[in-house]
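Next come the chains, spelled out residue by residue.
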Number of protein chains: 2
Amino acid sequence: MTIVRVFAPGSIGNLGPGLDIIGLAVGGAGDSVTAERTRGGQIEVAEAGHPTLSTDPDRHAAAIAAAAVFRLARRRTGLRIWCEKGLPLAGGQGGSAASAVAGAVAANLLVGSPLDATRLMEAALVAEEAVAGRHLDNIAPALLGGMTLIRSIDPIDVIRLRVPARLRIVLAKPSYELRTRDGRSALPDTVSRSTALYQAAQVAGVVAGATTGDLALLGRSIDDRIAEPARAPLLPGFVEAKAAALAAGSLGCSISGSGPTIFALAADDRTARRIGLAIARSYRRSGFETTLRIGSVDSTGARERPIVRRPTSR
Amino acid sequence: MTIVRVFAPGSIGNLGPGLDIIGLAVGGAGDSVTAERTRGGQIEVAEAGHPTLSTDPDRHAAAIAAAAVFRLARRRTGLRIWCEKGLPLAGGQGGSAASAVAGAVAANLLVGSPLDATRLMEAALVAEEAVAGRHLDNIAPALLGGMTLIRSIDPIDVIRLRVPARLRIVLAKPSYELRTRDGRSALPDTVSRSTALYQAAQVAGVVAGATTGDLALLGRSIDDRIAEPARAPLLPGFVEAKAAALAAGSLGCSISGSGPTIFALAADDRTARRIGLAIARSYRRSGFETTLRIGSVDSTGARERPIVRRPTSR
């Protein structure tokens, strides 16, 4: 195999109370990486996927992850990478993780798949750390699909959880930007014991709701007392949009990743559409336009895709 | 119905990382309350169940809980209570909660069961708060059986979780006492964000392991970074006993409730017995005798029992 194309889905990181520890893969949009073996040991980014992304292989998530794969697998080959970004660059929809995972999986396939899922996450984490921060809550769902619990990052111990297929996810991105770094620096360094334990109970409620198919429990456990109160002031219109989502029948609503995208959960398509409209209407009242996406859970994660256009050698 | 006898099982509170939020009912020993309707509005404790327990109805868990049931149900009747303590008084095996739950269920039965499970927990919580502290992590499993997640105490939202039937539990009480109050005052008021999130991931791991039948996951998630480090110094020989339990094949081991009882989980009877012996040997080296109990999960919780001896009127 000398050329391969791999797709990885977008995801919600920090799912509600699950700051750094719960992620959920969302069907629909994602990033794709086409990788071709080349002579020599260089990794080259032929297409970064977006005008503002660097083609420097030390700064592009897919290329950094591919290099990490070769390092971990002790293989050495040249690579040319074409990246197609289906996800926003920094909106809180797991775009950097999807590119990193797609790059890692593609590189691994090209050298005979020596790395298992845990090692692939390790490789993608090198890229995510360089461009967004050291966390696995987008990488794990982008690779494995479904809901993932990051029990431990060092060593990596990720649990893949089933989620009821009827769950619908509304992703709504208001028309302003927020850098991951700003979202992260707003977080408190310490929390009270009671807040810590309440938060732990909500994370457990999310997991119990998902694994037992109790969507109402999953929804009411989306109650984040650590990150959301710290980040909400950075996100104009969020509080109102969340209230609108809940009033429209959402099971639970919070910030996706570190924002500005927000997510709202629903038990069926019709309610999901109603929620989407209610959120968009609310942001409009706050002076912002909204990009909406409604999807199901992506339960597959990263996968090979047909090569749609033959990369031309340069 | 004028007389009834109700049994409630013992339980592990603070299951590993689940301080105040996860409890597990343990089969075997428990407390029983026989309650008989009497004329007049008084609640009388005919047998406290142990020489050191008060027969003052304002200070006995079963009587306080029964009074709370009548208050919540807006019923008024006299009651005479006989309590049989099968559980240690303050060892960390959920004794006060079992007495409270048995008292609440018995009182509720005698007035036609007007209260549902949530209201019964509310009544038992009045008693637990008076004698041990305001937490539900022993009350919920004593009432409902199995593993229980306390998602919220105010309002009460308790999730009953299935646990694999093959799980075995070793309870080991070394020959010294520790007051719940001392165990509680050792807890830190604040924790770092990273500790809070790690703890949350472990609680979620316990729940995911239980609901999906992954005992290895359940076991390795018994990793408490908040209560255990604070309480271990109050429990001579604990660190060594835990190491002995893990070396003998325990899936996970920590303090039961606020101690001094410790629990160790195993996947079968033979390993459970080996763990029990290893713990006892370890405590003996530290200068203590050990009372051992090995059981399965009690998946039923509080239930009526035949009246074995006819209480005599006085």
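Since the model is a prediction, treat every value here as computed from it, not as a measurement. (Residues numbered from 1 in each chain as written. Chains lettered and ligands numbered in written order. Predicted model: local features only at pLDDT ≥ 70, side-chain atom pairs only at ≥ 80, totals over all residues. Heavy atoms only, no water.)

**A word on the pairing of strand 9 (residues 252–255) of chain B**
Residues and elements named next belong to chain B.
- Pairing geometry for strand 9 and strand 10 (residues 262–266), over four bridges, is antiparallel. Residue I255 lies in a different strand from strand 10, and its bridge partner there is I262.
- From the end of strand 9 to the start of strand 10, which pair antiparallel, there are six residues, and G257 there has a positive phi angle of about 60 degrees. (Pairing = 2+ DSSP bridges. Helix = DSSP H or I, 4+ residues; strand = E, 2+ residues; numbered from the N terminus.)

**Things to note about the interface of chain B and chain A**
- Taken together, the contact between chain B and chain A spans 34 residues of the former and 34 residues of the latter.
- Of the roughly 2700 Å² buried between chain B and chain A, counting both surfaces, carbon and sulfur atoms make up 66%.
- B:D157 serves as the salt-bridge partner of A:R220, at 2.6 Å between the closest nitrogen and oxygen.
- In this assembly, chain B and chain A are joined by twelve residue pairs in polar contact (both at pLDDT 80 or more).
- When contributions to the side of chain B that touches chain A are tallied by element, the ones reaching two or more residues are strand 5 (147–153), strand 6 (156–161), strand 8 (190–192), helix 6 (193–212) and helix 7 (215–220) of chain B. (Contact = heavy atoms within 4.5 Å. Buried area = accessible area lost by both parts, 1.4 Å probe. Salt bridge = Lys/Arg side-chain N within 4 Å of Asp/Glu carboxyl O. Polar contact = N/O pair within 3.5 Å; in protein donor to acceptor, adjacent residues only side chain to side chain.)

**Describing empty space enclosed by the protein**
Residues and elements named next belong to chain A.
- Applying the stated criterion across every chain, the model contains one cavity of 30 Å³ or more.
- Looking at the largest cavity, its volume works out to about 40 Å³.
- Along its surface, the largest cavity is lined by N14, G16, D224, A227, E228, R231, S254, I255 and G257.
- Counting only elements with at least two residues in the lining of the largest cavity, the list comes to helix 8 (227–231) and strand 9 (252–255).
- For the lining of the largest cavity, the leading source of residues is helix 8, giving three residues. (1 Å grid on protein atoms, 1.4 Å probe; cavity = no way out; pocket = protein on both sides within 12 Å on 5 of 7 lines; lining within 4 Å. Points joined across faces, edges and corners; volume = space filled by probe spheres on them.)

**Examining the relation of the copies chain B and chain A**
- Once turned by 180 degrees and shifted 0.0 Å along the axis, chain B lies on chain A with an RMSD of 0.0 Å. What the rotation and shift describe, once combined, is the action of a two-fold rotation axis.
- Taken as a fraction of all interface residues of chain B, those also at the interface in chain A reach 100%, which identifies the copy contact as same-surface. (Least-squares fit on C-alpha atoms with pLDDT ≥ 70 in both.)

**What about the sheet that holds strand 10 (residues 262–266) of chain A?**
All names here are of chain A.
- Spatially, the four strands line up as an open sheet ordered 9-10-7-11, and their pairing is antiparallel. Either end of the sheet is taken by a strand with one partner, and the two such strands are strand 9 and strand 11 (290–296). The sheet shows a mean angle of 20 degrees between the axes of neighbouring strands, direction not considered.
- When strand 7 (residues 168–174) meets strand 10, the two strands line up antiparallel, connected through five bridges. Within strand 10, the residue paired with A172 across the bridge is I262.
- Across the face of the sheet, helix 9 (residues 238–247) comes into contact with strand 9 and strand 10 while running at roughly 160 degrees to strand 9. (Axes fitted to C-alpha atoms, helices over the stretch in contact; angles between N-to-C directions.)

**Brief notes about the packing of helix 2 (residues 95–110) of chain B against helix 3 (residues 117–131) of chain B**
Residue and element names in this part refer to chain B.
- It is the contact of helix 2 with helix 3, at a shortest axis distance of 9 Å, that shows an interaxial angle of 140 degrees. The angle between the axes of helix 2 and helix 3 places the two elements in the oblique class. Between helix 2 and helix 3 lies a crossing whose hand is right-handed. Along its contact with helix 2, which presents S96, A97, A100, V101, A104, V105 and N108, the element helix 3 presents L120, A124, A127, E128 and V131.
- Taken together, the residues of the contact of helix 2 with helix 3 sort by class into nine nonpolar, two polar and one charged. (Parallel < 35°, antiparallel > 145°, perpendicular 65-115°, else oblique. Left-handed = near helix turned anticlockwise from the far one by under 90°. Nonpolar A, V, L, I, M, F, W, Y, C, P; charged D, E, K, R; others polar.)

**Some thoughts on the nonpolar core**
- Counting 58 residues, the largest nonpolar core has A:M147 and B:M147 as the members making the most contacts within it.
- For B:M147, the contacting residues outside a window of four places in its chain are B:L15, B:I22, B:G23, B:L24, B:I159, B:R160, B:L161, B:V163, B:V206, B:A210 and B:L218. (Core = buried A, V, L, I, M, F, W, Y, C linked by side-chain atoms within 4.5 Å. Buried < 20%, exposed > 50% of the residue type's maximum accessible area, 1.4 Å probe, protein only.)

**Focus: the environment of A:R285**
All names here are of chain A.
- Mapped onto the secondary structure, R285 falls in helix 10 (residues 269–285).
- Exposure remark for R285: the relative accessible area of 64% places this residue in the exposed category.
- Between the C-alpha atoms of R285 and G252, which are 33 residues apart in sequence, the distance is 21 Å.

**Notes on the sheet that holds strand 7 (residues 168–174) of chain B**
Residue and element names in this part refer to chain B.
- Reading across from one edge, 9-10-7-11 is the order of the four strands in this open sheet, with antiparallel pairing throughout. Pairing within the sheet leaves two strands with one partner each, and these edge strands are strand 9 and strand 11 (290–296). Strand-to-strand, the axes of this sheet are offset by a mean angle of 20 degrees, without reference to chain direction.
- Relative to strand 11, strand 7 is paired through seven bridges, and the arrangement is antiparallel. Bridged to L171 within strand 11 is R293.

**Re the domain arrangement of chain A**
Residues and elements named next belong to chain A.
- We note that the domain assignment places domain 1 (3–161) and domain 2 (168–296) within chain A.
- Using only C-alpha atoms to locate each centre, domain 1 and domain 2 end up separated by 24 Å.
- Each partner contributes to the interface: domain 1 provides 28 residues, whereas domain 2 provides 34 residues.
- Carbon and sulfur atoms make up 64% of the area that domain 1 and domain 2 hide from each other, which totals about 2200 Å².
- Looking at the side of domain 1 facing domain 2, the largest losses of area belong to P17, L19 and Q93, adding up to 25% of the total buried there.
- The interface formed by domain 1 and domain 2 holds zero salt bridges in total.
- Applying the counting rule to domain 1 against domain 2 returns nine residue pairs in polar contact (both at pLDDT 80 or more).
- Broken down by secondary-structure element, the contributors of at least two residues to the side of domain 1 that touches domain 2 are strand 1 (3–12) and strand 2 (22–38). (Domains from an automatic or database assignment.)

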